[in-house]
Amino acid sequence: MTDQPAKTPEPSGVDLARVALRAAKEQARARGAAAQQKKQARRGGLRSGARADGRDPLPLGAAINRLITERGWEAPAAVGGVMGRWPQMVGPEVAQHCEPQRYDEDARVLTVRCDSTAWATQLRLLAPQLVARLNADLGQGTVRLIKVLGPGGPPRRYGPLRSPGSTGPGDTYG
């Protein structure tokens, strides 16, 4: 017993004729549609009919999806959706203390600001699992890194008496 793959029979004359007829019908249909469009354009433009075509108004959601696809905004739009669903993605307790700030599409980095250094440390430890969850939801490679920022304080003021052009207390000492 030899294990040879079964040979497929060569198409016969009837099969070849069917394939050729099908191709000829498709070409004729395409030529007819093109000729019909040219004729309508000469008569004063295409007219709307009972059937849907590309000129019909779209529902808002479909129009937005088409715009996003045409412009290549799929990844930023998906990440924007994650920013809206942040509490569901990370849980209510983490979302209460950590908030996404921005997404850099070129570097694929999501920047998150935390309200305390303890929560920033906690989020840095959770970052690999969070990146995996985000990529599972958005598509592989959408987020490569989560940049965690600690709390931001108010701008520093060094007192009411300042010399013109000074940058702080360190520039006045010898």
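Residues numbered from 1 in each chain as written. Predicted model: local features only at pLDDT ≥ 70, side-chain atom pairs only at ≥ 80, totals over all residues. Heavy atoms only, no water.

**Q** How would you summarise the sheet that holds strand β1 (residues 98-104) if you had to cite specific residues and measurements?
**A** Pairing is mixed across the open sheet formed by three strands, whose spatial order is β1-β2-β3. The sheet is open, and its two edges are formed by β1 and β3 (145-149), each paired on a single side. Direction aside, the axes of adjacent strands within the sheet are offset by 25° on average. Along the sheet, helix α6 (residues 117-138) contacts β1, β2 (109-114) and β3; its crossing angle with β3, the most-contacted strand, is approximately 160°. (Pairing = 2+ DSSP bridges. Helix = DSSP H or I, 4+ residues; strand = E, 2+ residues; numbered from the N terminus. Axes fitted to C-alpha atoms, helices over the stretch in contact; angles between N-to-C directions. Contact = heavy atoms within 4.5 Å.)

**Q** Describe the side chain of Thr 111, with residues and values.
**A** Relative to the assigned elements, Thr 111 resides in strand β2. Not counting residues up to four positions away in its chain, the partners in contact with Thr 111 are Glu 99, Pro 100, Gln 101, Arg 102, Lys 147 and Leu 149.

**Q** Any details on the confidence of the model for the protein? Residues and values, ideally.
**A** For the protein, the average pLDDT comes to 77, and 74% of its residues sit at 70 or higher. Per-residue pLDDT, averaged within each element of the protein, yields its smallest value for helix α3 (residues 74-84) (73) and its largest for β3 (91). (pLDDT = per-residue confidence, 0-100.)

**Q** Would you mind going over unusual backbone geometry in detail, with residue names and values included?
**A** Of note in the backbone geometry, Arg 108 takes a positive phi value of approximately 60° without being a glycine. Within the secondary structure, Arg 108 sits in the loop between β1 and β2.

**Q** Run through the nonpolar core, naming residues and quoting values.
**A** Ranked by size, the top nonpolar core spans 22 residues in total, and within it Leu 110, Leu 123, Leu 134, Val 143 and Ile 146 carry the most contacts. Broken down by secondary-structure element, the contributors of at least two residues to this core are α3, α4 (86-90), β1, β2, α6 and β3. (Core = buried A, V, L, I, M, F, W, Y, C linked by side-chain atoms within 4.5 Å. Buried < 20%, exposed > 50% of the residue type's maximum accessible area, 1.4 Å probe, protein only.)

**Q** So, the environment of Val 112: which residues are in play, and what are the values?
**A** Along the chain, the position of Val 112 falls in strand β2. Classification of Val 112 by relative accessible area gives buried; the value is 0%. A sequence separation of ten residues divides Val 112 from Arg 102, and the C-alpha atoms of the two residues are 7.4 Å apart. Not counting residues up to four positions away in its chain, the partners in contact with Val 112 are Trp 86, Cys 98, Glu 99, Pro 100, Gln 101, Leu 123, Ile 146, Lys 147, Val 148 and Leu 149.

**Q** An account of the pattern of salt bridges is needed here, citing residue identities and associated values.
**A** One pass over the structure, following the stated rule, counts two salt bridges. Across the salt bridge formed by Glu 70 and Arg 66, the nearest N and O atoms sit 3.3 Å from each other. Of this pair, Glu 70 and Arg 66 both sit in helix α2 (residues 60-71), four residues apart, roughly one helical turn. What makes Glu 70 exposed here is its relative accessible area of 57%. Exposure remark for Arg 66: the relative accessible area of 44% places this residue in the partly exposed category. The shortest N-O distance in the salt bridge between Asp 137 and Arg 85 comes to 3.0 Å. Of this pair, Asp 137 sits in helix α6 while Arg 85 sits in the loop between α3 and α4, and the two are 52 residues apart along the sequence. (Salt bridge = Lys/Arg side-chain N within 4 Å of Asp/Glu carboxyl O.)

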